[in-house]
Structure formats: C-alpha cells, structure tokens
Amino acid sequence: MLAALTGARMLFNYFRVGGVNGDLNHEFMSRLGDWMTRAAKQTEAQAGLLNENEIFVDGCGRGRSRPRHGPPLWGHGRNLRASGVPFDLRRAHPYSVYRN
C-alpha cells in the first residue's frame, strides 16, 4: 500500500517533518478499503478461534504466579514478590550496599 502511495518500491520517502510529502491518492484509498474489509473478517475468525478453543482458553491461566510455586521455580527477586511471597533476598541475605 505504501508503494501505491509513494511510488517507491523499497524506500518510502513519504513522511516529512510537520506532515507528509503529498495527499492520499485514489489507489491507496481503494487498497486500504479492500484491506480493511479483509482484516475485519480475519479478526472475527481469529477471535472466534481463540475464544472458543478449549485448549487455548484452559492454557491462558498457566502464566499466573502463585505463592506455593515461588521458591522452587524462580527462588527470589521481583517475580517472587509479585506472586505474594513476603521474601526479599536483599534483606534476608544482605550483600554489597544492602544492610541488615
């Protein structure tokens, strides 16, 4: 679509400081309209595929952090604190600039 708008095939020297090089042409607008109708159909189809797919829906909850999984999996740091475990390695075993 940018090639139809700018006339260039690889380097689109179209955007300028304060605006663009020229107005939108008819070919670009017709390609944009065609793309938007195809994109809307594809988006609906893909949303249905994801929202109605049992494997995908069940797998979405696997990324959540739970306190019981914390120490064996990641052990310390912001991931452990984000899961709700009140443990800070910097305070439990101070080093460098961290003090008791």
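A.B. asks: Sorry if this is basic, but what is going on with the overall build of the protein chain here?
C.D. replies: The number of helices and strands found in the protein chain is six helices and two strands. Of the regular secondary structure in the protein chain, the N- to C-terminal order runs α-β-β-α-α-α-α-α. Here the protein chain, with 100 residues, has 9% of them falling under the buried criterion. Once local pairs closer than 6 in sequence are excluded, the contacts in the protein chain between residues at least 24 apart make up 12%. Looking at the protein chain as shown, the accessible area adds up to about 8,600 Å², and 55% of this sits on carbon and sulfur atoms.

A.B. asks: Would you mind showing me how to read the pattern of salt bridges here?
C.D. replies: Pairs can form between side chains of opposite charge once their charged atoms are near each other. Within the structure shown, the criterion is met by one salt bridge. Between Glu-27 and Arg-31 there is a salt bridge, with the nearest N and O atoms lying 3.1 Å from each other. In this pair, Glu-27 and Arg-31 both sit in helix α2 (residues 26-51), four residues apart, roughly one turn of the helix. Note on Arg-31: relative accessible area 36%, which makes it partly exposed.

A.B. asks: For this particular structure, what's the right way to read a nonpolar patch on the surface?
C.D. replies: The grouping of Leu-2, Phe-12, Phe-15 and Val-20 at the surface amounts to a nonpolar patch, some 360 Å² of accessible area in total. Structurally, Leu-2 can be placed in helix α1 (residues 2-6). With relative accessibility at 32%, the residue Leu-2 sits in the partly exposed group.

What counts and what doesn't
Residues numbered from 1 in each chain as written. Predicted model: local features only at pLDDT ≥ 70, side-chain atom pairs only at ≥ 80, totals over all residues. Heavy atoms only, no water. Helix = DSSP H or I, 4+ residues; strand = E, 2+ residues; numbered from the N terminus. Buried < 20%, exposed > 50% of the residue type's maximum accessible area, 1.4 Å probe, protein only. Contact = heavy atoms within 4.5 Å. Areas by Shrake-Rupley, 256 points an atom, 1.4 Å probe, with all protein chains shown as cover. Salt bridge = Lys/Arg side-chain N within 4 Å of Asp/Glu carboxyl O. Patch = residues over 30% accessible without salt bridge, like charges linked within 9 Å, V, L, I, M, F, W, Y side chains within 5 Å.

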